[in-house]
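Analysis of the macromolecular model
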Amino acid sequence: MTIHPEIAKILATLPAPDGSPLNPGAMRGGEAAQVPPLEDRLPLHSVEDATAVTPSGEVPVRIYTPVEADAYGLLVYFHGGAFFLGSLDTHDHVARALAKETGHKVISVGYRLAPEAAFPAGLDDCYGVVRWAAEQGSSLGWNRKNLAIAGDSSGGNFVAAVAANAHDDGFNRITHQVLFYPSLDLDFDVDRYASLRENAEGYGLETAGLRPFNSFYLENGADPADPLVSPIKRADLAGLPAALVITAEHDPLRDEGELYGRRLKEAGVDATVSRYEGANHGFVQNFSWIPEFYRAFEETGEFLNAGGRK
């Protein structure tokens, strides 16, 4: 299937990469300028900023309550952005949609970014907030059932790494993991996956841009051979939480996400891989206003609530 026509229109307006060095500050400013005003965002019962006190320090979080209820499942969300972009604000609309469609209370994590924070600062923040959410369950209205984690792109990388850390630590409270077009292999050898060649150019995220975009992370202590940096390299995936891996047809990272899903299944994990045809990398953040791509949020709700709302 060809790229969705609405996505194609927007891709056609983007300037071609000119090879100039990436400027994190300028790029973050550009993202911030596109955040819609509060009155244009999906309304929920409540949205509040808070601070999670974790072993890695105080981490800003934003807590989304979809409706008034006695108790909720919890969903801790890690935003994407190649480990150096993204914020609570740039992905506010994603967290709101996740809260609405899952019925869970969503805790979005404002983790530390590269290059200012060296590995594993961001990962430690994410894992710390998950442990904090479990510890603060009563004050958060947790129903003691679902404690899910979700993330897009590099946030999906953190989902896989947090799930692995929790398993190895004997922290068994995480019930589900949701990975939207995850970045799971930071070894960018184009021969590793067919999608790196098939979707190399013309779909927004380009294969040639993977190394420079991730360089802020890789040049600050993150070793791509480390399974906590490239979770696809973890040898034993047994015992990890049930997984939903959502991929995009026209994404260089498509095949590593789908391979991870298959490997989870082979290890005995209840795993579902769902490819969105006509979509590109980032579609959950950038194109969820297209009904067939908003479906990713609904599918997440179905996954978390299978057998009844949890």
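Whatever comes next refers back to the structure up there.
Let us look at the structure shown here.

Parameters and conventions
Residues numbered from 1 in each chain as written. Predicted model: local features only at pLDDT ≥ 70, side-chain atom pairs only at ≥ 80, totals over all residues. Heavy atoms only, no water. Helix = DSSP H or I, 4+ residues; strand = E, 2+ residues; numbered from the N terminus. Rg over C-alpha atoms; globule rule 2.2 N^0.38 Å. Buried < 20%, exposed > 50% of the residue type's maximum accessible area, 1.4 Å probe, protein only. Areas by Shrake-Rupley, 256 points an atom, 1.4 Å probe, with all protein chains shown as cover. Lys, Arg positive; Asp, Glu negative; His and termini not counted. Charge placed at Lys NZ, Arg CZ, Asp CG, Glu CD. Axes fitted to C-alpha atoms, helices over the stretch in contact; angles between N-to-C directions. Parallel < 35°, antiparallel > 145°, perpendicular 65-115°, else oblique. Left-handed = near helix turned anticlockwise from the far one by under 90°. Contact = heavy atoms within 4.5 Å. Nonpolar A, V, L, I, M, F, W, Y, C, P; charged D, E, K, R; others polar. Polar contact = N/O pair within 3.5 Å; in protein donor to acceptor, adjacent residues only side chain to side chain. Salt bridge = Lys/Arg side-chain N within 4 Å of Asp/Glu carboxyl O.

Before going further, it helps to examine the overall build of the protein chain. Helix and strand content of the protein chain: 11 helices and 8 strands. For 310 residues, the compact-globule formula gives about 19 Å, and the C-alpha radius of gyration of the protein chain, at 18 Å, lands near that figure. Burial analysis of the protein chain (310 residues in total) assigns 56% to the buried set. With the model as given, the accessible surface of the protein chain reaches about 12800 Å², and the carbon-plus-sulfur share is 51%. In the protein chain, which carries 25 positive and 43 negative side-chain charges, the distance between the mean positions of the two groups comes to 5 Å.

All right, on to the packing of helix α3 (residues 92–102) against helix α11 (residues 291–304) then. In a pair of packed helices, the angle between the axes and the distance between the axes together describe the arrangement. Close contact between α3 and α11 brings their axes to 8 Å; oriented N to C, the two are set at 45 degrees. For the element pair α3 / α11, the angle class is oblique. Of the two elements, α3 crosses α11, and the hand of that crossing is right-handed. Along its contact with α3, which presents V94, A97, L98, K100, E101 and T102, the element α11 presents Y294, F297, E298, T300, G301 and L304. Partitioning the contact of α3 with α11 into residue classes produces 6 nonpolar, 3 polar and 3 charged.

If you trace the backbone, H104 turns up in the loop between α3 and β4 (105–109). The exposure class of H104 is buried, given its relative accessible area of 1%. Engagement of the side chain of H104 in a polar contact is seen with the backbone oxygen of T102, the distance being 3.0 Å. Here the side chain of H104 touches N146 through a polar contact of 3.1 Å, side chain to side chain.

Taken as a whole and judged by the stated rule, the model has 18 salt bridges. Between K100 and E101 there is a salt bridge, and its shortest N-O distance comes to 3.0 Å. Note on K100: relative accessible area 44%, which makes it partly exposed. Residue E101 is classed as buried on the basis of its relative accessible area of 17%. Between D125 and R112 there is a salt bridge; the shortest N-O distance is 2.9 Å. Pair noted here: D125 is in helix α4 (residues 121–135) and R112 is in the loop between β4 and α4, with a separation of 13 residues, a long-range link. Given the relative accessible area of 2%, D125 is considered buried.

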